[in-house]
Amino acid sequence: MITDENLLIKGLTKGDEDAFKTLVDDFKDRVYNTSLGFVHNPQDAEDISQEVFIEIFESVKGFEGKAKLSTWIYRITVTKSLDFIRSRKRKKRFAFFTSLFDDSDKLIHDPPDFTHPGIEIEKQEQASILFKAMNKLPENQKIAYTLNKIEGLSYSEICEVMNISLSSVESLIHRAKNNLRKLLENYYNK
Amino acid sequence: MTKNNKIEETIQSIEGLKRADANPFLYAKIMQRLKEQTTVKKVHSPSKVFILRFALILIFAILVNVYTFISYSDNNFVSDKSVQTTNQNLQSFTKEYSITGSTYNY
């Protein structure tokens, strides 16, 4: 079992499978939980997690060590998750045409309500409403809010992942909360 | 419950959320995908792809050349025909009006 980060990176660079297994074991829950926070679907989050680790395996030689390993992995996870959301949106736009020929696009039209497995049962209904509202946030606000509230990263860790200043992170999370309040107000007014 | 309380309660609903656990077989699945990728890469090796692309470009170039040659020779054939018709018309015109020589007999 490799514990030191530098040793782990060295092992990964050499293509050592033990080092890669250690990395997957250490980070799989963080990667999965983060992508789940963005895509709101367990199967999609698992696919993204696999892609993240494959990307790490293939590009670890280019990792210069300027950022922490965890920061680098979170960046890849966020990028992959956002790419996935963009491609899903594109598919949704064309879903009308595809549905003319095929009935299997029902999931794209009507995604089921998302319930995060880590939320207490009595709060799941409200959390599901909040997740829907989070989907409508601007991208940067969504990243900062998800990393903070779903993955539990501190503001300084979010600074490193997003490569922005601490005040920018504070501002993004503050604006995200205000926007969520407005969105929820509209929801409860219906 | 007031609307504002509902909103605050909804926002607070994800506080203290526990991290979701990934599939325990994730590593095995990743290794499987990596192996599949390697196989696919071997099948579609860059040299084979390059040869295939080159062959397609070559076929395309040949087709363009053949098409151009055919359409050019067709045009020439048409223009030759039209020249012939014009000469025939001229000959019949000269016959009709007895214009046979290059000099005029008054």
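Residues numbered from 1 in each chain as written. Chains lettered and ligands numbered in written order. Predicted model: local features only at pLDDT ≥ 70, side-chain atom pairs only at ≥ 80, totals over all residues. Heavy atoms only, no water.

**Student:** A description of the interface of chain B and chain A should follow, citing residues and the corresponding values.
**Tutor:** Taken residue by residue, the interface counts 27 residues in chain B and 42 residues in chain A. Between chain B and chain A the total buried area reaches about 3,200 Å² when both faces are included, carbon and sulfur atoms providing 63% of it. Of all residues in chain B, B:I14, B:R19 and B:Y27 bury the most surface against chain A, accounting for 20% of the area lost on that side. Put simply, chain B and chain A have 5 salt bridges between them. The partner of B:R33 in a salt bridge is A:E51, and the shortest N-O contact between them spans 3.8 Å. Inspection of the chain B/chain A interface yields 14 residue pairs in polar contact (both at pLDDT 80 or more). Counting residues per element, the ones that place at least two in the side of chain B that touches chain A are α1 (3–12) and α2 (26–43) of chain B. Here the side of chain B that touches chain A takes 9 residues from α2(B), the largest share from any one element. Taken together, the residues of the side of chain B that touches chain A sort by class into 12 nonpolar, 4 polar and 11 charged. (Contact = heavy atoms within 4.5 Å. Buried area = accessible area lost by both parts, 1.4 Å probe. Salt bridge = Lys/Arg side-chain N within 4 Å of Asp/Glu carboxyl O. Polar contact = N/O pair within 3.5 Å; in protein donor to acceptor, adjacent residues only side chain to side chain. Helix = DSSP H or I, 4+ residues; strand = E, 2+ residues; numbered from the N terminus. Nonpolar A, V, L, I, M, F, W, Y, C, P; charged D, E, K, R; others polar.)

**Student:** Kindly report on the side chain of A:K149, identifying the contributing residues and their values.
**Tutor:** Structurally, A:K149 is set in helix α7 (residues 139–149). Polar contacts involving the side chain of A:K149 include one to the side chain of B:E15, which spans 3.0 Å. Those residues in contact with A:K149, other than ones at most four positions away along the chain, are A:K177, B:I14 and B:E15.

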